[in-house]
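One letter stands for each residue in the lines below.
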Amino acid sequence: MTSIDDVMIEITPQVLLKAYACGIFPMAESADDNALYWIEPERRGILPLDRVHVPRRLARTIRQGGFEVKIDNDFDAVIDGCAAPRAGRRSTWINGRIRNLYAELFAMRHCHTIEVWDGGELIGGLYGVHLGRAFFGESMFSKARDASKIALVYLVARLKFGGFELLDTQFLTGHLARFGAIEVGRAEFQHLLEAALYCPKMGNVEGGGAGLGRGGRLGGAAGAGAGAWAAAGAGAGAEAGLAAGAGFGGGGGAASAAVGAGASGAGAGAAGGSAAGASAAGAAGAAAFCSLPAGATGSFVLQLVSQTSNTGCSTA
């Protein structure tokens, strides 16, 4: 098992963005373990943005309203919710280093939250990272029925409105499959990622995909287990629809399938990333992410989600 610490990489927000640009993400064994591990699954979960299915009852809930969705309002509360114990999971993979790194990405406007509020209470939400036209879902939580599902639907609407092309769910679960999520192989995911990172006017931007292309990817061993974001689930109790112990908190040893010793050289290259460049790119991407008006109605959100290019999706 090779951790980031074992290969002496100083992980910074810039290194983290380089890793995302290569299709790799970090995880920890537990909140009490300070080590981080690079993960690159053989089979990657994605939610095709033109084939999202919203279950009938959930669509009705969204149309009826009675909640407020906020964007990038309270990062600390969202990550606290994602890290909290829940039914079937007594511990969390979100440790102090994960919290600090993603807080820095949030400050750089590369990390975003979708928050569902009921009055003055945060009842669910999610967070993730954007690069170019790709969004990498990290974790979600729910304290009330359907809250994280609502956040997911609002995320999809925001991504479609902003012109995003890829929603990475890391792994596939039954919960996400209900919305149309699928698995793709590593090579296909890399192709989708490269397309989402490429800007016709600027070439490869945000995270420096050109600087860490396929030849410089962080190792090559398979990632395995159930994923952080996908497995974090959609609700309390049976609402989650997920197997107990799906995440690192219950999976035990999943990090042993992390990307291996090849991380060393790639990490050194990643460390050369420009903080100023990442910050500017983050601001540009954040503008696209935040382009959907905050007060968009549930009906408008569902209309955005149901728009397809070739194949149909259903909000009925």
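Here is a short report on the structure shown in this document. (Residues numbered from 1 in each chain as written. Predicted model: local features only at pLDDT ≥ 70, side-chain atom pairs only at ≥ 80, totals over all residues. Heavy atoms only, no water.)

Here we look at the packing of helix H3 (residues 75–83) against helix H4 (residues 96–107)
Then, in step 1: Look at H3 against H4: their axes get within 11 Å of each other, and the N-to-C directions meet at 145°. Where H3 crosses over H4, the handedness of that crossing is right-handed. Within the contact between the two elements, H3 uses Phe75, Ile79, Asp80 and Ala83 and H4 uses Arg99, Tyr102, Ala103 and Phe106.
Then, in step 2: Residues of the contact of H3 with H4, tallied by class, amount to six nonpolar, no polar and two charged. (Axes fitted to C-alpha atoms, helices over the stretch in contact; angles between N-to-C directions. Helix = DSSP H or I, 4+ residues; strand = E, 2+ residues; numbered from the N terminus. Left-handed = near helix turned anticlockwise from the far one by under 90°. Contact = heavy atoms within 4.5 Å. Nonpolar A, V, L, I, M, F, W, Y, C, P; charged D, E, K, R; others polar.)

Examining the nonpolar core
Then, in step 1: Within the largest apolar cluster, 46 residues are counted, with the highest numbers of intra-cluster contacts made by Leu16, Tyr20, Ile94, Tyr102, Leu105, Tyr127 and Phe136.
Then, in step 2: No other element matches helix H1 (residues 13–21), which puts six residues into this core.
Then, in step 3: Sequence-distant contacts of phenylalanine 136, defined by excluding residues within four places in its chain, comprise Tyr20, Gly128, Val129, Leu131, Asp168, Phe189 and Leu193.
Then, in step 4: Core analysis: the next-biggest nonpolar cluster, separate from the first, contains 38 residues, Leu47, Ala147, Phe179 and Val305 among them. (Core = buried A, V, L, I, M, F, W, Y, C linked by side-chain atoms within 4.5 Å. Buried < 20%, exposed > 50% of the residue type's maximum accessible area, 1.4 Å probe, protein only.)

Overview of helix H2 (residues 56–64)
The periodicity of an α-helix, 3.6 residues per turn, causes residues three or four positions apart to be oriented the same way.
Then, in step 1: Here H2 has its buried residues at Leu58, Ala59 and Ile62. Taken down its axis, H2 places every buried residue within 100° of arc, on the same side. Relative to its buried face, H2 has exposed residues pointing more than 90 degrees away, namely Arg56 and Gln64.
Then, in step 2: Considering only its buried residues, H2 is in contact with helix H5 (147–161) and helix H12 (298–306).
Then, in step 3: Phi turns positive, to about 75°, at glycine 65, one or two residues after H2. (Arc of directions from axis to C-beta.)

Focus: the environment of glycine 81
Then, in step 1: As for its position among the elements, glycine 81 is in helix H3.
Then, in step 2: The sequence separation of glycine 81 and leucine 126 amounts to 45 residues, and the corresponding C-alpha distance is 8.9 Å.

Quick look at the packing of aromatic side chains
Then, in step 1: The full count for this structure, using the stated rule, is nine aromatic pairs.
Then, in step 2: Each ring, one from tyrosine 20 and one from phenylalanine 136, has its centre 4.9 Å from the other, and the planes form 50°; the classification is tilted. Residue tyrosine 20 is found in helix H1, and its partner phenylalanine 136 is found in strand S7 (residues 134–142); the two are separated by 116 residues along the sequence.
Then, in step 3: The buried category is assigned to phenylalanine 136, whose relative accessible area is 0%.
Then, in step 4: Arranged with centres 6.2 Å apart and planes meeting at 90°, the rings of phenylalanine 25 and phenylalanine 171 form a pair that is edge-to-face. Here phenylalanine 25, found in strand S1 (residues 25–27), pairs with phenylalanine 171, found in the loop between strand S8 (166–170) and helix H6 (174–177); they are 146 residues apart in sequence, far enough to count as distant.
Then, in step 5: For phenylalanine 171, a relative accessible area of 6% corresponds to the buried category.
Then, in step 6: Three or more aromatic residues joined by ring pairs form one cluster here, namely Phe75, Tyr102, Phe106 and Tyr127.
Then, in step 7: The positively charged end of lysine 70 is found above the aromatic ring belonging to tryptophan 117, 4.6 Å away from the centroid. (Phe/Tyr/Trp six-rings, centres within 6.5 Å; stacked < 30°, edge-to-face > 60°. Lys NZ or Arg CZ within 6 Å of the ring centre and 35° of its normal.)

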